[in-house]
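Given next are the chains, with one letter for each unit.
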Amino acid sequence: LSYAQSKTANILHAVTVDERGRDENIRAFSLHPGTIVESSFKRHTPPEVLTAFGLVDENGDAVIDPSKSRKTVEQGAATSVWCATSPQLDGSGGLYAQDCDIAPLVEPSDALNIEFGSPPRGVMTYAVDPDSLQTFGPADFSGAVTRISAHSKPDEHTGELMFFDYGLTRPFME
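As a further point, take the pattern of salt bridges. Summed over all chains, the structure comprises five salt bridges. Between Asp18 and Arg27 there is a salt bridge; the shortest N-O distance is 2.7 Å. In this structure Arg27 comes out as partly exposed when scored by relative accessible area, which is 26%. A salt bridge links Lys42 to Glu38, with the nearest nitrogen and oxygen atoms 3.1 Å apart.

Relative to the helices and strands, Pro33 is located in the loop between β1 (29-32) and β2 (35-36). Judged by relative accessible area, Pro33 falls into the partly exposed class, the value being 28%. Residues Pro33 and Gln98 lie 65 residues apart in sequence; the distance between their C-alpha atoms is 6.6 Å. For Pro33, the residues in contact, after removing those within four places along its chain, are Lys71 and Gly76.

Our next topic: helix α4 (residues 73-85). For α4, with 13 residues, the first-to-last C-alpha span of 18 Å sits near the 18 Å given by 1.5 Å per residue. Residues of α4 that are buried include every one of Gly76, Thr79, Trp82 and Cys83, and no others. Taken together, the buried residues of α4 touch β1, β2, β3 (70-71) and β4 (95-98).

Over its 20 residues, helix α1 (residues 2-21) extends 28 Å from the first C-alpha to the last, a length consistent with the 28 Å expected when each residue adds 1.5 Å. Within the span of α1, buried status applies to Thr8, Ile11, Leu12, Ala14, Val15, Thr16, Val17, Asp18 and Gly21.

What follows deals with the environment of Thr51. Along the polypeptide, Thr51 turns up in helix α3 (residues 47-52). With a relative accessible area of 45%, Thr51 lands in the partly exposed category. Taking the C-alpha atoms as reference points, Thr51 and Val63, separated by 12 residues in sequence, lie 9.7 Å from one another.

What counts as what
Residues numbered from 1 in each chain as written. Predicted model: local features only at pLDDT ≥ 70, side-chain atom pairs only at ≥ 80, totals over all residues. Heavy atoms only, no water. Salt bridge = Lys/Arg side-chain N within 4 Å of Asp/Glu carboxyl O. Buried < 20%, exposed > 50% of the residue type's maximum accessible area, 1.4 Å probe, protein only. Helix = DSSP H or I, 4+ residues; strand = E, 2+ residues; numbered from the N terminus. Contact = heavy atoms within 4.5 Å. Expected span 1.5 Å × (residues − 1).

Below is the structure:
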């Protein structure tokens with residue numbers, strides 16, 4: 001439940017940033033990159049859990065199957081790149097993206113029909129509804145991302161490069 005609430009808050013934050021920055025051509029999106037098994041997720045999840053969910057095979061190797069939202073790092077990054085560059089999104093914002101596309105809206109009543117373990121498809125309507133902010137109580141979304149830069153450093157255990165995003169913010173003028 002905590003994960004779902006934090007994901008919803010993240011989506012609503014993007015909706016709010018987009019709404020407030022729209023007049024200055026600041027657009028914001030939220031997205032689902034997929035399950036990226038070959039990441040810190042794998043390093044910090046017990047092997048028996050990964051195996052039980054079919055995320056790794058008997059050798060401990062990641063099971064990559066984009067049709068089930070199990071992706072490589074590059075496949076997972078594709079939706080972020082798509083949000084930043086796609087002409088399909090020109091003039092749009094506050095949307096939730098998935099698999100290099102705008103995710104379909106899902107009514108909460110339809111969520112009960114989703115098969116356990118199936119890949120998530122879509123975004124709950126309340127998660128992209130600015131009026132849902134009232135559910136979370138008072139929130140301070142007083143900044144907007146004006147520039148994103150990437151910083152990388154080698155992982156201390158594997159030596160592979162890890163990327164971190166930093167958002168630079170500025171207060172809104174009301």
